[in-house]
Amino acid sequence: MVKVRILGSGTSTGVPTIGCNCEVCHSKDPRDVRLRTSVLYEEEGVRILLDCGPDFRTQILPLPFDPIHAVLISHEHFDHVAGIDDLRAFSHFKELPVYANHITVEHLKQRMPYCFVDKSYPGIPQLALRTLQPGQHFQVQGIEIIPFTVIHGKLPILGYRIGKMAYITDMLYMPEESYQHLHDLDVLIINALRIKPHRTHQSLSEAIEVAKRINAKRTYFIHMSHDIGLQAVTEKKLPDTQFFAFDGLEITF
């Protein structure tokens, strides 16, 4: 059995957004409270973290302390990498591999140089940066992973397929060649920022159309802002196999 836990389903500002007085930011529904996007994939004792943003410590503390075997980073923006220092607890006994594309690897070396030094010293995370090429299959503890390109505004970033699940965040559109990696999915996790169009992220209507084309058995939308509306209201308008994710949601298949 595979278990996927949504650690965070919000965009870069989170929900509630600081200083906002909208009905979503003041909602009493816990599903409308969204930390920055991150997902934990578990299969046969193997745990793989997808993105590690500034809320990672808050997201991981309530869970049992078990090893993380790999970290997959979609891109270098702060809301997806700012929690990397908190991975130190998961790398005390064994070096933890962090996978990303070339652009992200170079940014991480510049912005967090103490985490990725050749000569380590006590107290820092023991991390190994590994550069990925889109379409290059690799394995973590026997689990096959396929990175593929999606476009965030004009920036090429990575989505990931792990077994029968795919994870896509911050996408505006997907190159045609990436769709070949997304057939026969049980679960698709994909971004849907808001109702209105946005210049760097897909809107809800755009995400619905991409999800229809991929045709996974179930689709869960993430990386949502307060502009998506109240979960209890907007989710009712989705097709039958599509849902809004929320923080703490556990998906099994």
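Residues numbered from 1 in each chain as written. Predicted model: local features only at pLDDT ≥ 70, side-chain atom pairs only at ≥ 80, totals over all residues. Heavy atoms only, no water.

Peer 1: Is there a simple way to think about unusual backbone geometry in this case?
Peer 2: Glycine aside, residues mostly have negative phi, and peptide bonds are mostly found in the trans state. The linkage connecting Val15 with the following residue, Pro16, adopts the cis geometry, with an omega of 5°. Counting through the fold element by element, Pro16 comes out in the loop between β1 (2-8) and β2 (38-43). Positive phi outside glycine occurs at Asp184, with the angle close to 55°. Tracing the sequence through the fold places Asp184 in the loop between β10 (165-168) and β11 (187-191). (Helix = DSSP H or I, 4+ residues; strand = E, 2+ residues; numbered from the N terminus.)

Peer 1: Which parts of the structure should I look at to understand the pairing of β10?
Peer 2: Two faces, one strand: in a regular strand the side chains alternate between the faces of the sheet. Here β10 shows no split at all, with Met165 and Tyr167 on one side and Ala166 and Ile168 on the other all buried. By the bridge criterion, three bridges tie strand β9 (residues 155-162) to β10 in an arrangement that is antiparallel. By the bridge assignment for β10, Arg161 is matched with Ala166. Hairpin remark: β9 followed by β10, antiparallel, with two residues in the connecting loop; positive phi at Gly163, about 55°. (Buried < 20%, exposed > 50% of the residue type's maximum accessible area, 1.4 Å probe, protein only. Pairing = 2+ DSSP bridges.)

Peer 1: Sorry if this is basic, but what is going on with the sheet that holds β10 here?
Peer 2: Neighbouring strands of a sheet are bound in pairs by backbone hydrogen bonds; such pairs are parallel or else antiparallel. Strand order in the open sheet formed by seven strands is β7-β8-β9-β10-β11-β12-β13, with mixed pairing between adjacent strands. Because the sheet does not close on itself, it has two edges, and the strands there are β7 (138-140) and β13 (242-244). Going from strand to strand, the sheet's axes swing by 25° on average, the running direction of each strand aside. Sheet topology note: the β7/strand β8 (residues 143-152) ladder contains three bridges and is antiparallel. Bridge pairing in β8 places Val140 opposite Ile143. (Axes fitted to C-alpha atoms, helices over the stretch in contact; angles between N-to-C directions.)

Peer 1: I tried to follow the pattern of salt bridges on my own but got confused; where do I start?
Peer 2: Here the idea is simple: oppositely charged side chains can pair when their charged atoms come close. Taken as a whole and judged by the stated rule, the model has nine salt bridges. The salt bridge involving Lys109 is made with Glu106; its shortest N-O contact spans 3.8 Å. Of the two residues, Lys109 and Glu106 are both situated in helix α3 (residues 102-111); the distance of three residues between them amounts to about one turn of the helix. (Salt bridge = Lys/Arg side-chain N within 4 Å of Asp/Glu carboxyl O.)

Peer 1: Quick question: what am I supposed to make of α3 here?
Peer 2: Turn by turn, an α-helix covers 3.6 residues, leaving residues three or four places apart pointing in a common direction. Residues of α3 that are buried: Thr104, Val105 and Leu108. Each buried residue of α3 sits inside an arc of 100° when the element is viewed along its axis, so together they form one side. Packed against the buried residues of α3 are α2 (78-81), β5 (96-101) and β6 (127-132). (Arc of directions from axis to C-beta. Contact = heavy atoms within 4.5 Å.)

Peer 1: Help me understand the packing of aromatic side chains, please; the structure alone is not making it clear to me.
Peer 2: What the rule picks out here adds up to five aromatic pairs. Relative to Phe244, the ring of Phe221 has its centre 6.4 Å away and its plane inclined at 70°; by these criteria the two rings are edge-to-face. Taken together, the residues span a long stretch of sequence, with Phe221 in strand β12 (residues 218-222) and Phe244 in strand β13 at a distance of 23 residues. (Phe/Tyr/Trp six-rings, centres within 6.5 Å; stacked < 30°, edge-to-face > 60°.)

Peer 1: Looking at this model, I keep getting lost on the nonpolar core. Mind explaining?
Peer 2: The nonpolar side chains of soluble globular proteins are, as a tendency, buried together. Membership of the largest hydrophobic core comes to 28 residues, with the highest contact counts inside it found for Tyr41, Leu50, Leu72, Ile162, Met165 and Ile189. Residues contacting Leu50, with those up to four places away along its chain left out, are Ser38, Val39, Tyr41, Leu72, Tyr160, Ile162, Met165 and Tyr167. (Core = buried A, V, L, I, M, F, W, Y, C linked by side-chain atoms within 4.5 Å.)

Peer 1: Please clarify how the sheet that holds β6 should be interpreted in this entry.
Peer 2: Sheet architecture is open: seven strands sit in the order β6-β5-β4-β3-β2-β1-β14, paired in mixed fashion. Sheet topology places β6 and β14 (250-252) at the edges, where each strand pairs with a single neighbour. Between one strand and the next, the sheet's axes are offset by a mean angle of 20°, whatever the strand orientation. Pairing of β1 with β2 involves six bridges; the strand directions are antiparallel. Residue pairing across strands places Ile6 opposite Val39, the latter belonging to β2.

Peer 1: Would you mind going over the side chain of Asp186 with me for this structure?
Peer 2: Position of Asp186 relative to the elements: it lies in the loop between β10 and β11. For Asp186, a relative accessible area of 15% puts it in the buried group. A polar atom in the side chain of Asp186 sits 3.2 Å from the side chain of Lys217. If sequence neighbours within four positions are ignored, Asp186 has contacts with Lys164, Ala216, Lys217, Arg218 and Phe253. (Polar contact = N/O pair within 3.5 Å; in protein donor to acceptor, adjacent residues only side chain to side chain.)

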